[in-house]
Structures are given as structure tokens and as C-alpha cells.
Amino acid sequence: YDSKTKQETVFNETALPIIESVMQGYNGTIFAYGQTGTGKTHTMEGTGDDIGIIPRSFSKIFEMIKQKSKNTSYLVRVS
């Protein structure tokens, strides 16, 4: 991705498929790796209204739990 790519695009193309797998019972990992100063923190956390992968992921996971929560227990762990 280049510096003009929107956070939403990065999320939809990289994190959303992992989150969908997680909701089916698989473990999921989103790992940011790269040279210092390349935008990893911005991509993962975002700033202000330009939210990154982490807050978008939490929102999506809890939205999906809320939609499917009838008689189902979920354990959400983050490290």
C-alpha cells in the first residue's frame, strides 16, 4: 500500500478476512512489521477520525458478536 491508501481499504483487504475467520473459531494474528518510520503505528492505531486496524477490528468483532449472540458465549482475548 502507498501513503495515499485509505485506512478503510487497508482494513477491508487485510484485517477483515482474518476477523471473519476468527468469528468462525480460528485464531487470528495481525502483525505489523517494517522499517522504522514507515507508518506501522499509524496503520495499526490511526489518529483522530482516521482510525486504524486495531480500533476497526474491535468494533467489527463486537458488532459481529452482537449480531450472533443468541445463546452463544464468546471469549475475546488480546495480547
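Residues numbered from 1 in each chain as written. Predicted model: local features only at pLDDT ≥ 70, side-chain atom pairs only at ≥ 80, totals over all residues. Heavy atoms only, no water.

Draft legend 1. Fine view of the overall build of the protein chain. When helices and strands are tallied, the protein chain shows 3 helices and 2 strands. Listed N to C, the secondary structure of the protein chain is α-α-β-β-α in terms of helices and strands. By its C-alpha atoms, the protein chain is 45 × 25 × 20 Å across when sized along the principal axes. On the protein chain, roughly 6400 Å² of surface is accessible, and the fraction owed to carbon and sulfur atoms is 49%. Across the protein chain, the mean location of the 9 positive side-chain charges is 7 Å away from that of the 8 negative side-chain charges. (Helix = DSSP H or I, 4+ residues; strand = E, 2+ residues; numbered from the N terminus. Areas by Shrake-Rupley, 256 points an atom, 1.4 Å probe, with all protein chains shown as cover. Lys, Arg positive; Asp, Glu negative; His and termini not counted. Charge placed at Lys NZ, Arg CZ, Asp CG, Glu CD.)

Draft legend 2. Representation of the pattern of salt bridges in the model. Summed over the entire model, instances satisfying the criterion amount to 1 salt bridge. Notably, a salt bridge pairs Glu 63 with Lys 60, separated by 3.4 Å at the nearest N-O pair. Here the residue Glu 63 and the residue Lys 60 both occupy positions in helix α3 (residues 53-68), the gap between them amounting to 3 residues, near one helical turn. (Salt bridge = Lys/Arg side-chain N within 4 Å of Asp/Glu carboxyl O.)

Draft legend 3. Examining the environment of Ala 15 more closely. Assignment of secondary structure puts Ala 15 in helix α1 (residues 7-22). Once residues lying within four places of it in the same chain are set aside, the contact partners of Ala 15 are Val 10, Ile 30, Ile 53 and Ser 57. (Contact = heavy atoms within 4.5 Å.)

Draft legend 4. Main features of α1. Approximately 45° is the largest bend angle found in α1, and it occurs at Ala 15, with the proline Pro 17 only one to four residues beyond. Residues of α1 that are buried in the fold lie against α2 (40-45), β1 (46-47), β2 (50-51) and α3. (Bend = angle between axes of the 7 residues up to and from the residue.)

Draft legend 5. Just the packing of aromatic side chains, in detail. Following the criterion strictly, the structure yields 1 aromatic pair and no others. For the pair Phe 31 and Tyr 33, a centre-to-centre distance of 6.4 Å together with 15° between the ring planes defines the contact as stacked. Considered together, Phe 31 and Tyr 33 belong to a single accessibility category, that of exposed residues. (Phe/Tyr/Trp six-rings, centres within 6.5 Å; stacked < 30°, edge-to-face > 60°. Buried < 20%, exposed > 50% of the residue type's maximum accessible area, 1.4 Å probe, protein only.)

Draft legend 6. Geometry of the confidence of the model for the protein chain. Within the protein chain, residue pLDDT values average 89, and 100% of them lie at 70 or more. By mean pLDDT, the top-scoring element of the protein chain is α1 (95), and the lowest-scoring one is β1 (89). (pLDDT = per-residue confidence, 0-100.)

Draft legend 7. Quick peek at the packing of α1 against α3. At a closest axis distance of 10 Å, the pairing of α1 and α3 adopts a crossing angle of 45°. Our classification of the angle between α1 and α3 gives oblique. At the point where α1 passes α3, the crossing takes the right-handed sense. Within the contact between the two elements, α1 uses Gln 7, Glu 8, Val 10, Phe 11, Thr 14, Ala 15, Leu 16, Ile 19 and Glu 20 and α3 uses Ile 53, Arg 56, Ser 57, Lys 60, Ile 61 and Met 64. Partitioned by chemical class, the residues of the contact of α1 with α3 number 8 nonpolar, 3 polar and 4 charged. (Axes fitted to C-alpha atoms, helices over the stretch in contact; angles between N-to-C directions. Parallel < 35°, antiparallel > 145°, perpendicular 65-115°, else oblique. Left-handed = near helix turned anticlockwise from the far one by under 90°. Nonpolar A, V, L, I, M, F, W, Y, C, P; charged D, E, K, R; others polar.)

Draft legend 8. Main features of the nonpolar core. Grouped together as the largest cluster of nonpolar side chains are 11 residues: Val 10, Phe 11, Ala 15, Leu 16, Ile 19, Met 23, Met 44, Ile 53, Ile 61, Met 64 and Ile 65. Elements with a contribution of two residues or more to this core: α1 and α3. Sort the elements by how many residues they give to this core and α1 lands first, with 5 residues. (Core = buried A, V, L, I, M, F, W, Y, C linked by side-chain atoms within 4.5 Å.)

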